[in-house]
Amino acid sequence: AQSVAQPEDQVNVAEGNPLTVKCTYSVSGNPYLFWYVQYPNRGLQFLLKYITGDNLVKGSYGFEAEFNKSQTSFHLKKPSALVSDSALYFCAVRDSSRSSASKIIFGSGTRLSIRP
Amino acid sequence: DTGVSQNPRHKITKRGQNVTFRCDPISEHNRLYWYRQTLGQGPEFLTYFQNEAQLEKSRLLSDRFSAERPKGSFSTLEIQRTEQGDSAMYLCASSLGTGGNSNQPQHFGDGTRLSIL
């Protein structure tokens, strides 16, 4: 079965400091991994994905994520946080071995708060 | 920008009433998904269409729930005899997919927030 864990409900960072939002996953095959961001009363916005290739993936708004197969992790990072990065972040996984093209499993989310 | 559009944005209704939500996906996207999101949780998969065919349904989708995508474009999600536990944000997403596998990201609408009195 697929699963995603985001161990931190909230992450607090000072503006200008680096940030990390953690994500670990479990799939039976090779993972497709995604990060999404959600602002209040809005849908989810796609940030980046890992399918194959380089373990470091760059995405929107200066975010990047590092795929680590041995640790089954896909942590989201940004070198210098902005106040406008404050939002709810979701990690998601899909098992590439599944024949169905549908099901993505989302984590429970991490609220990122950037203080000025 | 013609992103995913959902209507209405908010729906308040009394327990026992029927409600219907609409989703208009990105026009060239052949895949459409419905999710439910409750406060403090990530989206939970409900169902998925490829063109007009409903290919997968979650066990969360009880017999009070029905979804359609009659012409392979817009979709509707109907909840009959609503219950307090149906209160949630209902999200629609679409993506472009080919073959039996897809690594394309899903693009989400802003959701319909349902409140059951």
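Residues numbered from 1 in each chain as written. Chains lettered and ligands numbered in written order. Predicted model: local features only at pLDDT ≥ 70, side-chain atom pairs only at ≥ 80, totals over all residues. Heavy atoms only, no water.

Enquirer: An account of the overall build of chain A is needed here, citing residue identities and associated values.
Expert: Check the secondary structure of chain A and you find zero helices and twelve strands. Taken from the N to the C terminus, the helices and strands of chain A come in the order β-β-β-β-β-β-β-β-β-β-β-β. For chain A, the C-alpha radius of gyration of 14 Å lies close to 13 Å, the compact-globule estimate for 116 residues. The principal-axis extents of the C-alpha atoms in chain A amount to approximately 45 × 30 × 20 Å. Here chain A holds 116 residues, and 49% of them are scored as buried. Expressed as a percentage of contacts within chain A between residues at least 6 apart in sequence, the contacts between residues at least 24 apart total 58%. Looking at chain A as shown, the accessible area adds up to about 5300 Å², and 46% of this sits on carbon and sulfur atoms. Once the 12 positive and 8 negative side-chain charges of chain A are each reduced to a mean point, those two points are 6 Å apart. (Helix = DSSP H or I, 4+ residues; strand = E, 2+ residues; numbered from the N terminus. Rg over C-alpha atoms; globule rule 2.2 N^0.38 Å. Buried < 20%, exposed > 50% of the residue type's maximum accessible area, 1.4 Å probe, protein only. Contact = heavy atoms within 4.5 Å. Areas by Shrake-Rupley, 256 points an atom, 1.4 Å probe, with all protein chains shown as cover. Lys, Arg positive; Asp, Glu negative; His and termini not counted. Charge placed at Lys NZ, Arg CZ, Asp CG, Glu CD.)

Enquirer: Run through the overall build of chain B, naming residues and quoting values.
Expert: Broken down by element type, chain B carries zero helices and eleven strands. A total of 117 residues make up chain B; the buried ones form 48% of that total. Long-range pairs, those at least 24 residues apart, make up 55% of the contacts in chain B between residues at least 6 apart in sequence. Of the accessible surface of chain B, which amounts to about 5800 Å², a share of 44% is contributed by carbon and sulfur atoms. Charged side chains in chain B number 14 positive and 12 negative. The centres of these two groups are separated by 5 Å.

Enquirer: Pulling in residues and values, what's your account of the interface of chain B and chain A?
Expert: Tallying the contact residues gives 24 residues for chain B and 24 residues for chain A. Roughly 2000 Å² is buried in total at the junction of chain B and chain A, and carbon and sulfur atoms are behind 49% of that figure. The salt bridge involving A:R42 is made with B:D110; its shortest N-O contact spans 3.0 Å. Linking chain B with chain A are five residue pairs in polar contact (both at pLDDT 80 or more), by the criterion used here. (Buried area = accessible area lost by both parts, 1.4 Å probe. Salt bridge = Lys/Arg side-chain N within 4 Å of Asp/Glu carboxyl O. Polar contact = N/O pair within 3.5 Å; in protein donor to acceptor, adjacent residues only side chain to side chain.)

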